[in-house]
Amino acid sequence: MPVIFQPQQSSIANKAGKKLYFPRVILTGNVGTDVVAAEIAELSSLTTGDVKNVIDNLVSVVKRHLQASESVTLDGFGTFRYTLKTLSGGVENETDVNANQAQLMVRFQPSSTRKTDGTVATRSLVSGAKCVRFDLLPKEDEEGTPGGQGGSGETPLG
């Protein structure tokens, strides 16, 4: 299944006073821990309960390391780290800086491989994904099978 997007107009005008359009991903649902655990169990020799226990423990361990001001890298997946998003303007004196000026956020950076020239060759979780514009998706017939009119609109990523 491709990544589905639709055009969305910016609420902010550019320097020329025009509100431009940009692609925006449409989420078609949410997959929870139970579904992920069941799918991993199908691919391994573990039970769904074993996998769910590992996922729950992974969350606890990642949280512990993040709260110790460490980043956490999962090979082939990516890196989690804390960042601070500034809520207001800065202060004039270094001694006046405090945590109440910002909101603590978790940043995730998918892992990637690099070419010899330093450019990104592949990005985990993104490589191989294809995007299709929502209004160009193939229409489904009465039985729910793809078919009908519409261009492909596919754009490969990565």
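The following refers to the structure shown. Every chain is numbered on its own, with residues counted from 1 as its sequence reads. The model is predicted, so local features are restricted to residues of pLDDT at least 70 and side-chain atom pairs to those at 80 or more, both for listing and for counting; the totals for chains, interfaces and linings are taken over all residues. Based on all heavy atoms of the structure, the side-chain values leave hydrogens and waters out of the count.

Further remarks concern the overall build of the chain. Only DSSP runs of H or I with at least four residues qualify as helices, and only runs of E with at least two residues qualify as strands; both kinds are numbered from the N terminus onward. Within the chain, the secondary structure is distributed over two helices and nine strands. Across the chain, helices and strands are ordered from the amino to the carboxyl terminus as β-β-α-α-β-β-β-β-β-β-β. Only protein chains enter the accessibility calculation, which uses a 1.4 Å probe; a residue whose area is less than 20% of its type maximum is buried, one above 50% is exposed, and one in between is partly exposed. Among the 158 residues that make up the chain, the fraction classed as buried is 11%. Contact between two residues is taken to exist if any of their heavy atoms lie within 4.5 Å; hydrogens are not considered. Here the contacts in the chain between residues at least 6 apart in sequence split such that 30% fall between residues at least 24 apart.

Right, let's get into the sheet that holds strand 5 (residues 102-110). Taking strand neighbours across the sheet as the criterion, the three strands line up as 3-4-5 in an open arrangement whose pairing is antiparallel. For this open sheet the edge positions go to strand 3 (72-74) and strand 5, each flanked by a neighbour on one side alone. Across the sheet, the axes of successive neighbouring strands diverge by a mean angle of 30 degrees, strand direction being ignored. Two strands form a pair only when DSSP identifies at least two bridges running between them. Two strands pair when backbone bridges link them, and strand 3 and strand 4 (residues 78-86) are joined in this way by three bridges, in the antiparallel orientation. For Leu 74, the partnering residue across the bridge sits in strand 4 and is Gly 78. What counts as an axis is a line fitted to C-alpha atoms, over the stretch in contact for a helix, and the angles between N-to-C directions run from 0 to 180 degrees. Sitting on the sheet, helix 2 (residues 48-66) touches strand 3, strand 4 and strand 5, and the angle it makes with strand 4 is about 50 degrees.

We now examine the layout of surface pockets. Grid points spaced at 1 Å over the protein atoms alone were grouped into cavities, where a 1.4 Å probe fits but cannot get out, and pockets, open sets with protein on both sides within 12 Å along at least five of seven lines, with lining residues defined by an atom within 4 Å of a point. Grid points are joined across faces, edges and corners, and a volume is the space filled by probe spheres set on the points. Here the largest pocket defines a volume of roughly 270 Å³. In terms of lining residues, the largest pocket is bounded by Ile 55, Leu 58, Val 59, Val 62, Leu 74, Phe 77 and Phe 80. The leading source of residues in the lining of the largest pocket is helix 2, at four residues. We call Asp, Glu, Lys and Arg charged. Ala, Val, Leu, Ile, Met, Phe, Trp, Tyr, Cys and Pro are nonpolar, and the rest, Gly among them, are polar. Of the residues assigned to the lining of the largest pocket, the class counts are seven nonpolar, no polar and no charged. The computed volume of the second largest pocket comes to approximately 180 Å³. Lining the second largest pocket are Met 1, Pro 2, Val 3, Ile 4, Val 25, Ile 26, Leu 27, Thr 28, Gly 29, Asn 30 and Val 31. Class assignment of the residues belonging to the lining of the second largest pocket gives a composition of eight nonpolar, three polar and no charged.

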